[in-house]
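Commentary on secondary and tertiary structure
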2 protein chains.
Amino acid sequence: MTSSSKIPTEFNDERRSTRKHRAILGAAATVFLRNGYLGTSMDEIATLAGVSKQTVYKHFADKERLFVEIVISTVNEISDPVHEEVLNLPDSGDVEADLCDLARRQLARVMQPRLLQLRRLVIGEASRFPQLGRTFYERGPGRTIAALATAFERLAERGVLQLEDPALAAAQFNWLIMSAPINQAMLLGRDEAPAPADLNRYAHGGVRAFLAAYRNR
Amino acid sequence: MTSSSKIPTEFNDERRSTRKHRAILGAAATVFLRNGYLGTSMDEIATLAGVSKQTVYKHFADKERLFVEIVISTVNEISDPVHEEVLNLPDSGDVEADLCDLARRQLARVMQPRLLQLRRLVIGEASRFPQLGRTFYERGPGRTIAALATAFERLAERGVLQLEDPALAAAQFNWLIMSAPINQAMLLGRDEAPAPADLNRYAHGGVRAFLAAYRNR
């Protein structure tokens, strides 16, 4: 009886702890994005998560570590599938269609309101937390651009593209697609995803300019 | 005697007032950029400007109006000459050289530490002050892109470029040149201007990609 009653209790404790951990992370994301770093208190996070302040501190040593955790998990969640898609860029024989499809999917992921708000917050705090901005950059756009460079080198080996500086071409592709909507969203404080027609215009316009520059003739 | 003694006094009062106005603006810019909007107090600005807090309030009704003034004057100061240069884009017959020269000068202006810090601050505050981000965008990149569209339409009329969507081509030119260094500076919290070799790589690489897409053949 001892062992059979013990295991479920530990299991329940663990489940309860995981549930609280997730509730705290969810509440913290909401409060940080709404009030900024300075405007956020552990009290408010505890209230929203429905746990005691002590519990919050048991899971996260301080506000800074909780903030870092929110940034890393949000960026990974969005950037992991983007990275996958870039590395698995198909080669259907129609490079324009393949790249447009990739660009539209990248744009739709990166223009999610939650990531835009977080990006704004991280930029606003970049002088206080330079390491956090660096992490955002490296796990976000930096990783995507590196994967694009690899994908484009492969297309160059197959004679589809002609490149001198794959890293520069990858950065240009990324920013040809992303810059106009991201920079507008950053400065205008707009969080809605762009309309599908605008997504198409940025994606298609960016890919056409990119291919005009780098398609092998 | 009355009139001759009166004029210099008024004149001196005005000069003193202008001097204080400038001292407050300079101090406010320093404190806002160092501490952010929430972290800045009118007290600290008064102390740094060497005036009383009352004097600060006589010149600027509240912290918000002072912040708006700093943003508008800084953006105008940097964006006015960029706008001029774009509208006066020379036509030497060597469009690649002309655009590279323009791109290098644009980059050097936009990558000034003070403007990068301010851009970061405005982005961080865009949900609190959406109007301010909009002003930054409209007087900064928005105005430059509109001027580029006009300049490129002129080049298209002369048969140098071939364009379907001048506004899109202008945005692409702007972001091909600016995006990599600006987005890195934003997230990495770096304020130094890029090394001249990097400025050249961004400018030249951006112009080459742009012309590959839009030069009339």
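Below you will find a few notes about this structure. For clarity, every value in this text was computed on a predicted model and none was experimentally measured.

The subject of this paragraph is the interface of chain B and chain A. Across the contact, 37 residues belong to chain B and 37 residues belong to chain A. Interface area lost by chain B to chain A is led by B:I123, B:L187 and B:L188, which between them contribute 21%. Inspection of the region where chain B meets chain A yields four salt bridges. The partner of B:D165 in a salt bridge is A:R201, with the nearest N and O atoms 3.3 Å apart. Here chain B is connected to chain A by 11 residue pairs in polar contact (both at pLDDT 80 or more). Mapped by element, the contributors of at least two residues to the side of chain B that touches chain A are α6 (113–124), α7 (130–157), α8 (166–188) and α9 (196–214) of chain B.

Time to look at the packing of helix α4 (residues 63–87) of chain A against helix α5 (residues 95–110) of chain A. Residues and elements named next belong to chain A. For the pair α4 and α5, the least separation of the axes is 10 Å and the interaxial angle reads 175 degrees. By the angle between their directions, the pair α4 and α5 is classed as roughly antiparallel. Mapping the contact onto sequence places I78, P81, V82, E85 and V86 in α4 and L102, R105, Q106 and R109 in α5. Along the lines of polarity and charge, the residues of the contact of α4 with α5 split into five nonpolar, one polar and three charged.

Moving on: helix α6 (residues 113–124) of chain A. Compared with the 16 Å implied by 1.5 Å per residue over 12 residues, the 17 Å span of α6(A) between its first and last C-alpha is a close match. All of the buried residues in α6(A) are A:L115, A:L116, A:L118, A:R119, A:R120, A:L121, A:V122 and A:I123.

This part takes up the packing of aromatic side chains. All names here are of chain A. Scanning the entire structure with this criterion turns up 18 aromatic pairs over all chains. Consider the rings of F173 and F210, whose centres lie 5.2 Å apart with planes at 80 degrees: the pair is edge-to-face. Of the two residues, F173 is situated in helix α8 (residues 166–188) and F210 in helix α9 (residues 196–214); the sequence distance between them amounts to 37 residues. As far as burial versus exposure is concerned, F173 and F210 are alike and both buried.

Let's shift gears to the pattern of salt bridges. Per the counting criterion, the structure on display carries 30 salt bridges over all chains. Across the pair B:E164 and A:R208 runs a salt bridge whose closest N-O atoms are separated by 3.4 Å. Of this pair, B:E164 sits in the loop between α7 and α8 while A:R208 sits in helix α9, placing the two residues on different chains. Since its relative accessible area comes to 42%, A:R208 is described here as partly exposed. Between B:E44 and B:R34 there is a salt bridge, with the nearest N and O atoms lying 3.2 Å from each other. With B:E44 in helix α2 (residues 42–49) and B:R34 in helix α1 (residues 2–35), the pair connects residues that are 10 residues apart, well separated along the chain. The class for B:E44 is partly exposed, based on a relative accessible area of 29%.

Conventions used here
Residues numbered from 1 in each chain as written. Chains lettered and ligands numbered in written order. Predicted model: local features only at pLDDT ≥ 70, side-chain atom pairs only at ≥ 80, totals over all residues. Heavy atoms only, no water. Contact = heavy atoms within 4.5 Å. Buried area = accessible area lost by both parts, 1.4 Å probe. Salt bridge = Lys/Arg side-chain N within 4 Å of Asp/Glu carboxyl O. Polar contact = N/O pair within 3.5 Å; in protein donor to acceptor, adjacent residues only side chain to side chain. Helix = DSSP H or I, 4+ residues; strand = E, 2+ residues; numbered from the N terminus. Axes fitted to C-alpha atoms, helices over the stretch in contact; angles between N-to-C directions. Parallel < 35°, antiparallel > 145°, perpendicular 65-115°, else oblique. Nonpolar A, V, L, I, M, F, W, Y, C, P; charged D, E, K, R; others polar. Expected span 1.5 Å × (residues − 1). Buried < 20%, exposed > 50% of the residue type's maximum accessible area, 1.4 Å probe, protein only. Phe/Tyr/Trp six-rings, centres within 6.5 Å; stacked < 30°, edge-to-face > 60°.

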